[in-house]
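Here is how the chains run, residue by residue.
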Amino acid sequence: MAPTNSIQRSFELAAERCEDLTPLVYRRLFREHPEAEAMFRSEASELVRGSMLALTIDAVLDFAGDRSGHFRMIQCEVQSHDAYGTPRELFVAFFGVIAETLHDILGTDWSPEINTAWQNLLAEIDQVVAQSEA
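Quantities reported herein were computed from a predicted structural model and do not represent experimental measurements. (Residues numbered from 1 in each chain as written. Predicted model: local features only at pLDDT ≥ 70, side-chain atom pairs only at ≥ 80, totals over all residues. Heavy atoms only, no water.)

Caption draft 1: Representation of the overall build of the protein chain within the structure. Across its full length, the protein chain carries six helices and zero strands. Listing the helices and strands of the protein chain from first to last along the sequence gives α-α-α-α-α-α. Radius of gyration (C-alpha) of the protein chain: 15 Å, near the 14 Å computed for a compact globule of 134 residues. Projecting the C-alpha coordinates of the protein chain onto the three principal axes gives extents of approximately 40 × 30 × 20 Å. When the 134 residues of the protein chain are sorted by exposure, 41% land in the buried category. (Helix = DSSP H or I, 4+ residues; strand = E, 2+ residues; numbered from the N terminus. Rg over C-alpha atoms; globule rule 2.2 N^0.38 Å. Buried < 20%, exposed > 50% of the residue type's maximum accessible area, 1.4 Å probe, protein only.)

Next comes the structure, spelled out in structure tokens:
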């Protein structure tokens, strides 16, 4: 079996405990950033939320792993979210909300290695967003 990185491991452990991260992630997002909830007001918002989270997880796993191309979605989505009027701080905060949700799910299995990997990843994502053209 190939070794897994700590970010991937955090998602694997969460998947063993939680069937669907979507409601947990968005509950936290809207609690910590209530202004975000209005951005999802539509008939298909549940589908949009699930799809957005799935794409984000794919991008995060690629960014933390092989960087085969999916991580570039982060740069592309910065631009599209700019067009939607999403503040960049909120865009970046979404990744932290995912990490915090995983931390809650993992509890004592949230190891120092996982924590360090997430902190490094979040800092890198922050840099990618900051360097994207406005």
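Caption draft 2: Focus on the side chain of Thr56. Along the polypeptide, Thr56 turns up in helix H3 (residues 45-64). Owing to a relative accessible area of 11%, Thr56 belongs among the buried residues under this scheme. Those residues in contact with Thr56 that sit more than four places away from it in its chain are Phe94, Phe95 and Ile98. (Contact = heavy atoms within 4.5 Å.)

Caption draft 3: A look at the packing of H3 against helix H5 (residues 88-106). At a minimum axis separation of 12 Å, H3 and H5 run at an interaxial angle of 85 degrees. The orientation of H3 with respect to H5, classified from their angle, is roughly perpendicular. Between H3 and H5, the residues in contact are Met52, Leu53, Thr56 and Val60 and Phe94, Phe95 and Ile98, respectively. Per-class residue counts for the contact of H3 with H5 are six nonpolar, one polar and no charged. (Axes fitted to C-alpha atoms, helices over the stretch in contact; angles between N-to-C directions. Parallel < 35°, antiparallel > 145°, perpendicular 65-115°, else oblique. Nonpolar A, V, L, I, M, F, W, Y, C, P; charged D, E, K, R; others polar.)

Caption draft 4: A look at the packing of helix H1 (residues 6-17) against helix H6 (residues 112-131). Taken N-terminus to C-terminus, the directions of H1 and H6 make an angle of 115 degrees; their axes are 8 Å apart at the nearest point. Remark: the crossing between H1 and H6 carries left-handed chirality. Across the interface between the two elements, Ser6, Ile7, Ser10, Phe11 and Leu13 from H1 touch Glu113, Ile114, Ala117, Trp118 and Leu121 from H6. In terms of residue class, the contact of H1 with H6 is made up of seven nonpolar, two polar and one charged. (Left-handed = near helix turned anticlockwise from the far one by under 90°.)

Caption draft 5: Summary view of the nonpolar core. Counting 38 residues, the largest nonpolar core has Phe11, Leu21, Leu29 and Trp118 as its most contacted members. Listing elements by their share of this core, those giving two or more residues are H1, helix H2 (22-32), H3, helix H4 (72-84), H5 and H6. When residues of this core are assigned to their parent elements, the largest contribution, eleven residues, is made by H5. Contacts of Leu29, omitting those with residues within four sequence positions, involve Pro34, Ala36, Phe40, Leu90, Phe94 and Val97. (Core = buried A, V, L, I, M, F, W, Y, C linked by side-chain atoms within 4.5 Å.)

Caption draft 6: Examining the pattern of salt bridges more closely. The tally for this structure, following the rule as stated, stands at five salt bridges. The shortest N-O distance in the salt bridge between Glu12 and Arg9 comes to 3.6 Å. A residue pair is termed a helical-turn pair when its members lie 3 or 4 positions apart in one helix, as Glu12 and Arg9 do in helix H1 at three residues. The partly exposed category is assigned to Glu12, whose relative accessible area is 28%. (Salt bridge = Lys/Arg side-chain N within 4 Å of Asp/Glu carboxyl O.)

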